[in-house]
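Overview (structure and organization)
So you can see what is in the structure, the chains are spelled out below.
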Amino acid sequence: MEKWIAAFGGRQRLLQLLALAVLLMVILPLTLDIFRLNLVGKYLTYAFVAVGLVLCWGYGGILSLGQGVFFGIGGYCMAMFLKLEASSPENTAIQSTPGIPDFMDWNQITELPLGWMPFHSLTLTVLLILTVPALVAFLIGAAMFKRRVGGVYFAIITQAIASIATILIIGQQGYTGGINGITDLRTMLGWDIRPDSAKYLLYFLCCILLIACLLVGQFVLNSRYGKLLIAMRDQEDRVRFSGYDVANIKIFVFALAGVFSALGGAMFALQVGFMSPSFVGTVASIEMVIFCAVGGRLSLIGAVYGALLVNLAKTLLSESFPQLWIVFMGALFIGVVLLFPQGLAGIYEDYIRPQVAKLFARKRGAATEEDKSVAQEARS
């Protein structure tokens, strides 16, 4: 048992994860109405990306400004499956070509494209959500890391890839829904995903998957590979001269972050009920980096809190100051980077945790003194 506890970060890390699980799966569902809880579920889908960025950027030193691409891959895969189910011949009888999505009919496409065929099956859809982002990340990583492209150059290239992906999605309107995206998603295997009861179940599914990703990420960091990852970030040449293939290490962590992001995108499509190219481009990708930075780029659990805090601030500010909220968001990011470079996790480690430790030490000391006095009285 102790071996498994150590493999997942030790008792303290598991207690922090347990506290997060209690907050997400007990406290919030009991205190929030379904509308607000669904918003939290939406925020948590971004947390998948932030957790991947902690591995990729915080520990691997690979700043990717294109994680929206992987988020979009997962979201579009799930949305295509849901859209096909909503586009049965019975539901699309008024179209000129029944049995295909409505936007294809509007664009005078008369049969379902070959690329959409696998999404008739939920099993194949889930496999594609896991494998396609890993394959795309592998191809990008192999092209860049094998040629030792890194740092700011890699960040710019991933940003360009996100822009290209957005342009392609918008340009292929007949196959992707264009600027409007894929909308009107209703059922999954005949189960209506729109009622409140379904939203509760999807929220809990999102929480469970997120906690699973946190465990996987923590396991990776506490393994021998995690030590190599940190060594590669700090002294890449030394790791290379020690005989390790730095490019393969980078490709693996980049692909793992891509899979996490795709899972978040798939849950987004399920919970929100649509998918559009606005979640694929550079603006969305940079926002995802902000989630990671605010939470703490060296803390997996902090990334979840960062995603929740930033998105909550975004919602509240956009409601109160629709013209200025983006300025406030930028100020929040700059302030955190300048004042608290380790984010929320750094604030906890530097200020809150020492106070908690002192409090417990005092209580322990008081309990010890009380035990001594009781023992002396018993002797007398």
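Right above here is the structure, for reference.
Overview of the structure. Along each chain, residue indices are assigned from 1 in the same order as the chain's sequence is written. pLDDT decides what is reported in this predicted model: residues at 70 or higher carry local features, side-chain atom pairs at 80 or more are listed and counted, and totals for whole chains, interfaces and linings draw on all residues regardless. Values shown for side chains rest on all heavy atoms present in the structure; no hydrogens or waters enter the calculation.

Moving on, we get to unusual backbone geometry. The phi dihedral of Gln108 is positive, around 60 degrees, even though this residue is not glycine. Helix and strand definitions here come from DSSP, where helices need a minimum of 4 consecutive H or I residues and strands a minimum of 2 consecutive E residues; each element is numbered from the N-terminal end. Within the secondary structure, Gln108 is located in the loop between α5 (102–106) and α6 (122–145). Despite not being glycine, Arg148 has its phi angle at roughly 60 degrees, a positive value. Locating Arg148 in the fold gives a position in the loop between α6 and α7 (151–171).

Between rings of Phe, Tyr and Trp, where Trp is taken as its six-membered ring, a pair exists when centres lie within 6.5 Å; planes separated by under 30 degrees are stacked, by over 60 edge-to-face, and by other angles tilted. Counted by the stated rule, this structure contains 14 aromatic pairs. Measuring from ring centre to ring centre gives 6.0 Å for Phe103 and Trp116, while their planes differ by 55 degrees; the resulting arrangement is tilted. Taken together, the residues span a long stretch of sequence, with Phe103 in helix α5 and Trp116 in the loop between α5 and α6 at a distance of 13 residues. Neither residue differs from the other here; Phe103 and Trp116 are each classed as buried. Here the aromatic rings of Phe145 and Phe254 are separated by 6.2 Å at their centres, their planes lie at 85 degrees, and the arrangement is edge-to-face. Highlighted residues: Phe145 in helix α6 and Phe254 in helix α12 (residues 246–272), separated in sequence by 109 residues. Across the pair, exposure class does not vary: Phe145 and Phe254 are buried alike. A 1.4 Å probe rolled over the protein chains alone gives each residue an accessible area, and that area as a share of the maximum for its type sets the label: buried under 20%, exposed over 50%, partly exposed in between.

Let us now look at helix α2 (residues 10–31). Its 22 residues give α2 an end-to-end C-alpha distance of 31 Å, which sits within 8% of 32 Å, the value for a rise of 1.5 Å per residue. The angle between axes fitted to the seven-residue stretch ending at a residue and the seven-residue stretch beginning at it gives the bend at that residue. Of all the bends in α2, the largest measures some 35 degrees and sits at Leu23. The complete set of buried residues in α2 reads Gly10, Gln16, Leu17, Leu20, Ala21, Leu24, Leu28 and Pro29. Multiplying 1.5 Å by the residue count of a helix minus one yields the expected span of that helix.

Before going further, it helps to examine the pattern of salt bridges. A pair is scored as a salt bridge if a Lys or Arg side-chain nitrogen falls within 4 Å of a carboxyl oxygen belonging to Asp or Glu. Counted by the stated rule, this structure contains nine salt bridges. Two residues, Arg186 and Asp184, come together in a salt bridge whose shortest N-O distance is 2.7 Å. Classification of Asp184 by relative accessible area gives partly exposed; the value is 35%. The network of salt bridges with common partners includes Glu236, Asp237, Arg240 and Lys250.

Moving on, we get to the nonpolar core. Within soluble globular proteins, side chains that are nonpolar tend to cluster in buried spots. The biggest cluster of nonpolar side chains holds 112 residues, and the ones touching the most others in it are Leu24, Leu44 and Val304. In what follows, residue pairs with any heavy atoms lying within 4.5 Å of each other are defined as contacts. In this structure Leu24 touches Pro29, Leu44, Tyr203, Cys207, Leu210 and Leu308, once residues within four positions along its chain are discounted. Among the buried residues, those of types Ala, Val, Leu, Ile, Met, Phe, Trp, Tyr and Cys that are joined through side-chain atoms within 4.5 Å form a nonpolar core.

Below, the discussion takes up empty space enclosed by the protein. Cavities and pockets are defined on a 1 Å grid built over the protein atoms alone: a cavity is a set of grid points where a 1.4 Å probe fits but cannot escape, while a pocket is an open set with protein on both sides within 12 Å along at least five of seven lines, and lining residues are those with an atom within 4 Å of any such point. Grid points are joined across faces, edges and corners, and a volume is the space filled by probe spheres set on the points. Taken as a whole and judged by the stated rule, the model has two cavities of 30 Å³ or more. Taken as a whole, the second largest cavity encloses approximately 30 Å³ of empty space. Lining the second largest cavity are Gly66, Val69, Phe70, Ile140, Thr158, Ile161 and Phe254. Of all elements in the fold, only α4 (67–86) and α7 reach the threshold of two or more residues within the lining of the second largest cavity. Put simply, Ala, Val, Leu, Ile, Met, Phe, Trp, Tyr, Cys and Pro go in the nonpolar bin, Asp, Glu, Lys and Arg in the charged bin, and everything else, Gly too, in the polar bin. Considering only residue class, the lining of the second largest cavity consists of five nonpolar, two polar and no charged.

It is worth spelling out the packing of helix α3 (residues 34–59) against α12 at this point. Axis geometry follows a simple rule: fit a line to the C-alpha atoms, using only the stretch in contact for helices, then measure angles between N-to-C directions, giving values from 0 to 180 degrees. Put simply, α3 and α12 touch, their axes get as near as 7 Å, and they point 175 degrees apart. When the interaxial angle is binned, α3 and α12 end up roughly antiparallel. Touching Asn38, Gly41, Lys42, Thr45, Tyr46, Phe48, Val49, Val51, Gly52, Leu55 and Cys56 of α3 are Val253, Phe254, Leu256, Ala257, Phe260, Ser261, Leu263, Gly264, Met267, Phe268, Gln271 and Val272, all from α12. Reported orientations rely on four angle classes, namely roughly parallel under 35 degrees, roughly antiparallel over 145, roughly perpendicular from 65 to 115, and oblique for the rest.

On to the environment of Leu23. Here Leu23 is to be found in helix α2. Classification of Leu23 by relative accessible area gives partly exposed; the value is 24%.

Turning next to the side chain of Gln16. Topologically, Gln16 is positioned in helix α2. A relative accessible area of 16% places Gln16 in the buried class. Discounting residues that sit within four places of it in the chain, Gln16 has contacts with Ile301, Tyr348 and Glu349.

Structural measurements only, silent on function.
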